[in-house]
Amino acid sequence: KKNIIIDCDPGIDDSLALLLALQSKELNVLGITIVSGNVPASIGAQNALKVLQLVNRLDIPVYIGAEKPLKVPFESAQDTHGEDGLGNSQIPSVSSASLQENAVFFIKETLHQNPETIVLALGPLTNIALALNEDPSCFDQVSRFVVMGGNYRSHGNCSPVAEYNFWCDPDAAKFVFEQEFPVPIEMVGLDVTRKIVLTPTILEYMKHTNKQIYSFIQQISRFYFDYHWEHEKVLGCVINDPLTVAYLLDSSLAQGFNSHVEVATLGLGRGQSIVDDHNFWQLPNNCYLLTEVDPAIFWHIFLTRVCKAEEI
Ligand code: BDR
Ligand code: CA
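Please read these numbers as outputs of a predicted model, since none were measured by experiment.

Calculation notes
Residue positions are counted from 1 within each chain, in the order its sequence is given. Chains and ligands are labelled sequentially in the order written, the chains with letters from A and the ligands with numbers from 1. Only residues with pLDDT of at least 70 get local features here, since the model is predicted, and only at 80 or more are side-chain atom pairs given and counted; chain-wide, interface and lining totals rely on the full set of residues. Three classes are used. A residue is buried when 20 or more other C-beta atoms lie within 10 Å of its own, exposed when 12 or fewer do, and partly exposed in between, with C-beta atoms placed from the backbone. Counting from the N terminus, the helices are the DSSP runs of H or I reaching at least four residues and the strands are the DSSP runs of E reaching at least two. Directions pointing from the helix axis toward each C-beta atom define the arc. A pair of residues counts as a contact when their C-beta atoms, built from backbone coordinates, are separated by no more than 7 Å. UniProt positions are given in the numbering used here, feature names are shortened, and annotations may be inferred rather than shown by experiment. Put plainly, near means the residue's C-beta atom, positioned from the backbone, lies within 6 Å of the molecule or strand in question. Each residue is assigned to one class: nonpolar for Ala, Val, Leu, Ile, Met, Phe, Trp, Tyr, Cys and Pro, charged for Asp, Glu, Lys and Arg, and polar for all the others, Gly among them. For every element, the axis is a line fit to its C-alpha atoms; helices are fit only across the contacting stretch, and the angle between N-to-C directions ranges from 0 to 180 degrees. Every angle not falling under 35 degrees, over 145, or within 65 to 115 is termed oblique; those three ranges are roughly parallel, roughly antiparallel and roughly perpendicular. Here, any two strands with at least 2 DSSP bridges between them count as paired. For any pair of crossing helices, the crossing counts as left-handed if the nearer helix is rotated counterclockwise from the farther one by less than a right angle, and right-handed if it is rotated clockwise.

A. Expanded view of helix H12 (residues 295-305). Those residues of H12 lying buried are Phe-298, Ile-301, Phe-302 and Arg-305. Taken around the axis of H12, the buried residues stretch over an arc of 95°, which confines them to a single face. On the buried face of H12, the contacting elements are helix H1 (12-22), helix H11 (242-249) and strand S12 (287-293).

B. Examining the UniProt feature "domain: Inosine/uridine-preferring nucleoside hydrolase" (unreviewed entry) in the protein chain more closely. Following the UniProt record, one finds the feature "domain: Inosine/uridine-preferring nucleoside hydrolase" (unreviewed entry) at residues 4-299. The distance from the first to the last C-alpha atom of residues 4-299 is 22 Å, and the span holds 37% helix and 18% strand.

C. Spatial organisation of the site of ligand 1. Contacts to ligand 1 come from 15 residues, most closely from Gly-11, Asp-13, Ala-77, Tyr-164 and Asn-240. For the shell around ligand 1, the secondary structure elements donating two or more residues are H1 and helix H6 (164-168). Partitioning the shell around ligand 1 into residue classes produces four nonpolar, seven polar and four charged.

D. Looking closely at the environment of Ser-15. Tracing the chain through its elements places Ser-15 in helix H1. For Ser-15, a count of 30 C-beta atoms within 10 Å corresponds to the buried category. Linking Ser-15 and Ile-297, residues 282 residues apart in sequence, is a C-alpha distance of 20 Å. In contact with Ser-15, other than residues within four places in its own chain, are Pro-10, Asn-47, Val-51, Leu-86 and Ile-220.

E. Highlighting unusual backbone geometry. Omega for the bond connecting Pro-10 with Gly-11 falls within 30 degrees of zero, at -5°, which places this linkage in the cis form. Within the secondary structure layout, Gly-11 lies in the loop between strand S1 (2-8) and H1. The phi torsion at Gln-90 lies on the positive side, around 55°, for a residue other than glycine. Inspection of the secondary structure assignment puts Gln-90 in the loop between helix H3 (78-81) and helix H4 (103-113).

F. Local environment of the environment of Leu-30. Within the secondary structure, Leu-30 sits in strand S2 (residues 27-34). Given 20 C-beta atoms within 10 Å, Leu-30 falls into the buried group. What Leu-30 contacts, discounting residues up to four positions off in sequence, is Asn-3, Ile-4, Ile-5, Thr-110, Asn-114 and Thr-117.

G. Spatial organisation of the packing of H1 against H11. Two numbers describe how H1 lies on H11: the axes approach to 7 Å, and their chain directions differ by 25°. It follows from the interaxial angle that H1 and H11 lie roughly parallel. Within the contact between the two elements, H1 uses Asp-13, Leu-16, Ala-17, Leu-20 and Ala-21 and H11 uses Pro-242, Thr-244, Val-245 and Ala-246. Within the contact of H1 with H11, the residues separate by chemical class into seven nonpolar, one polar and one charged.

H. Region of interest: the sheet that holds strand S4 (residues 118-121). The sheet built from eight strands is open, its strands ordered S3-S2-S1-S4-S5-S6-S12-S9 with mixed pairing. The open sheet is flanked by strand S3 (62-64) and strand S9 (254-259), the only strands paired with a single partner. Taken pair by pair, the neighbouring strands of this sheet meet at an average axis angle of 25°, ignoring direction.

I. Here's a closer look at the pairing of strand S6 (residues 185-188). Alternating residues of S6 divide into Ile-185 and Met-187 and Glu-186 and Val-188, and every residue in both groups is buried. Note: strand S5 (residues 144-148) against S6, four bridges, orientation parallel. When the bridges of S6 are listed, Phe-145 appears paired with Ile-185.

J. Representation of the packing of H4 against helix H5 (residues 126-134) within the structure. Interaxial distance between H4 and H5 falls to 9 Å at its minimum, and their mutual angle equals 60°. Between H4 and H5, the angle falls in the class oblique. Of the two possible hands of crossing, H4 and H5 adopt the one that is right-handed. Every residue of H5 that contacts H4 at Ala-103, Val-104, Ile-107 and Lys-108 is listed here: Asn-127, Leu-130, Ala-131 and Glu-134. Here the contact of H4 with H5 is composed, by residue class, of five nonpolar, one polar and two charged.

This is the structure in structure tokens:
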């Protein structure tokens, strides 16, 4: 089993990513740290608890982290994810007595105490940047650092050039990409995540699998379906974050290349991931950037694990 810390902002697709990680025997989730992003961190933490309750894993600790980005004002994505971050699904809340503060402290301590831990970042990079700023050596022993964020050839989802996680806290993203890590940052950006679409047909298939899981996914995705139809005329919804977990489990489902990547912070380019694929800057590669994905492998992994499709 591989130890993993998941830093996230649940969020509809973050919740699906958490479900996949929690239902994968290869992963041992040491803790879930919450950052403000799709929703304020306190709401995101409550959503993480709802997911943990669904799969009977309330033993996993949840830590609340940064309430706002490093420098820019906080702008949530509640227009996309609903006021409650779970598509206004009104799933009953879970006692928050077990919630802990200080996500940044947890990240630093846990990485020092558990060499070879995987770090998975699914939200704005504020918590990660704060941890690295306070303790630059805390990532020295990580085995993988996978980030959902950024875009390369694909257009942005917050501006023509920027993806939400990098756009929401551009200074944190810039800072993180400037650090030296023992492994390249594995960037799972919109080029690949846009290809993962939860369609009405897949949802209909889920109906015939685990009833509780289906009902949860159906409730949280309805709002997301409507949003996609209204804004993009897409039938179904793009789910970005769970691809990172499937990729961790089976790296053969995606391909990419190594490059030097920087993140812009100001003006029109705010949050843009700039990929120096022609090596203009002659700087060392800091990133493995995914460009191709096989959605069929993703769905096989997701349906067999989260929905237990094989057991039906
Ligand atoms: C990212 O932004 C959030 O809205 C999603 O949860 C995902 O992490 C996609 O741009
Ligand atoms: Ca997210």
